[in-house]
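Chain and residue survey
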Amino acid sequence: MTLPSLPVSQVEVVLCDCSAQDAERVFACLRAHFETDRRSDDPPHETGTDRPTMWTGMYDTAAAVLSGAGHPEPPSAPVTVEVQGSPPAVRLLREALEEAYSVRQVGVDAGDQEVQLQLRVEGREGRG
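So, here is what we can say about the structure in this document. In this text, all values refer to a predicted model and were calculated from it rather than measured experimentally.

Quick look at the overall build of the protein now. Looking only at helices and strands, the protein has two helices and six strands in total. Scanning the protein from its N terminus toward the C terminus, one meets helices and strands in the order β-α-β-β-β-α-β-β. Considering only contacts in the protein between residues 6 or more positions apart, those separated by 24 or more positions represent 72%.

So, on to the pattern of salt bridges. All chains considered together, the criterion is met by five salt bridges. In this structure, the salt-bridge partner of R25 is D22, at a minimum N-O distance of 3.2 Å. Taken together, the residues R25 and D22, both in helix 1 (residues 20–31) and three residues apart, mark about one turn of the helix. Each member of the pair R25 and D22 is classed as buried. The salt bridge partner of R94 is E98, with a shortest N-O separation of 3.0 Å. Of this pair, R94 and E98 are both found in helix 2 (residues 87–100), four residues apart, which corresponds to roughly one turn of the helix. When salt bridges that share partners are traced, they join D22, R25 and E73 into one network.

Cut-offs used in this document
Residues numbered from 1 in each chain as written. Predicted model: local features only at pLDDT ≥ 70, side-chain atom pairs only at ≥ 80, totals over all residues. Heavy atoms only, no water. Helix = DSSP H or I, 4+ residues; strand = E, 2+ residues; numbered from the N terminus. Contact = heavy atoms within 4.5 Å. Salt bridge = Lys/Arg side-chain N within 4 Å of Asp/Glu carboxyl O. Buried < 20%, exposed > 50% of the residue type's maximum accessible area, 1.4 Å probe, protein only.

That is the geometry; function is a separate question.
Structure, rendered in structure tokens:
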């Protein structure tokens, strides 16, 4: 089965293993850098079920945002961030996360035209 490829500048982001509040903190960081389908007035919220919750967003790395925002609030616990897109777009999105957080790559699946990374994102020591 072949998945449809994303436009070259777009990155799909999936957050899991985190609270709704921490998901919003990571999405707010990315929203400060790139245009997205995630509206700031519609933050992630808990579903109230026993099933794991995942939050998704699409970010256009070619559409940079000049927000002038300061340092985003760090997540209260590590967040698993899965990103998929073209290598240049994924690199730009990862760099945006690295400006604000400590980022560790825990998995990669690279193809010719798309790459999928699994990252662990957490606050940096001494920041808060």
